[in-house]
Amino acid sequence: MTEAPTRGEFASTERENTGIPHCMDFDKCVEDAESVAACCQKSFGGSFKTCGICLKAGCLLRADFCGVPENGNRLKPHPYCWTCFEVADLEENQGLPRPSVFPKRVRPESKA
């Protein structure tokens, strides 16, 4: 995960990340249920660091939206919410703390 730089430090020396990423096209692509990898390629020419920045920002902005049962906890959740839950699960599985803004996915009960 990219950490925010402190004054006088730099998070990256990559030229592509010297400006603020424009995430709107990427967000629209993910909301249309395309794969994150395909959206990264379409929106940023495969720059996974810029893609990751937009994905994390998009998930943070949608934390409340994805926490509402009809958006995040149904059999077929909103595509962006599903992606955010997968990112949070992956980070948690890697031993990273789950940010409190990412709700735990509640798996729907089967209708037996």
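Structure shown above.
Residues numbered from 1 in each chain as written. Predicted model: local features only at pLDDT ≥ 70, side-chain atom pairs only at ≥ 80, totals over all residues. Heavy atoms only, no water.

Q: Tell me what's going on with unusual backbone geometry, and back it up with residues and numbers.
A: Here A33, not a glycine, exhibits a phi torsion of approximately 70°, which is positive. Position of A33 among the secondary structure elements: in the loop between helix 1 (24–31) and helix 2 (36–44). (Helix = DSSP H or I, 4+ residues; strand = E, 2+ residues; numbered from the N terminus.)

Q: Tell me about helix 6 (residues 79–93), residues and numbers included.
A: Here helix 6 is 15 residues long and its end C-alpha atoms lie 21 Å apart, about the 21 Å a rise of 1.5 Å per residue gives. Turning to helix 6, its buried residues are Y80, C81, T83, C84, F85, V87, A88, D89 and E91. Positive backbone phi, at 90°, marks G95, one or two positions downstream of helix 6. (Expected span 1.5 Å × (residues − 1). Buried < 20%, exposed > 50% of the residue type's maximum accessible area, 1.4 Å probe, protein only.)

Q: How would you explain the side chain of R62 if you had to name every residue and give the values?
A: On the secondary structure map, R62 appears in the loop between helix 3 (48–61) and helix 4 (63–67). The buried category is assigned to R62, whose relative accessible area is 14%. Here the side chain of R62 touches E31 through a polar contact of 2.9 Å, side chain to side chain. Ignoring sequence-local partners within four residues, the contact set of R62 consists of D27, E31 and Y80. (Polar contact = N/O pair within 3.5 Å; in protein donor to acceptor, adjacent residues only side chain to side chain. Contact = heavy atoms within 4.5 Å.)

Q: Could you give an account of the packing of helix 3 against helix 6, with specific residues and numbers?
A: Put simply, helix 3 and helix 6 touch, their axes get as near as 10 Å, and they point 110° apart. In terms of orientation, helix 3 lies roughly perpendicular with respect to helix 6. In contact with C54, L55, K56, G58 and C59 of helix 3, helix 6 contributes Y80, T83, C84, V87 and E91. Looking at the contact of helix 3 with helix 6, its residues break down into six nonpolar, two polar and two charged. (Axes fitted to C-alpha atoms, helices over the stretch in contact; angles between N-to-C directions. Parallel < 35°, antiparallel > 145°, perpendicular 65-115°, else oblique. Nonpolar A, V, L, I, M, F, W, Y, C, P; charged D, E, K, R; others polar.)

Q: Go over the nonpolar core with me, naming the residues and quoting the values.
A: With 14 residues, the main nonpolar core has F26, L55 and Y80 as its most contacted residues. The biggest single contributor to this core is helix 3, with four residues. Other than its neighbours up to four places away in sequence, Y80 contacts F26, D27, V30, E31, C54, L55, G58, C59 and R62. (Core = buried A, V, L, I, M, F, W, Y, C linked by side-chain atoms within 4.5 Å.)

Q: Just give me the short version of the pattern of salt bridges, but keep the residues and values in it.
A: Taken as a whole and assessed by the stated rule, the structure comprises four salt bridges. Here E91 and K56 are joined by a salt bridge, their closest N and O atoms 2.8 Å apart. Of this pair, E91 sits in helix 6 while K56 sits in helix 3, and the two are 35 residues apart along the sequence. Considered together, E91 and K56 belong to a single accessibility category, that of buried residues. (Salt bridge = Lys/Arg side-chain N within 4 Å of Asp/Glu carboxyl O.)

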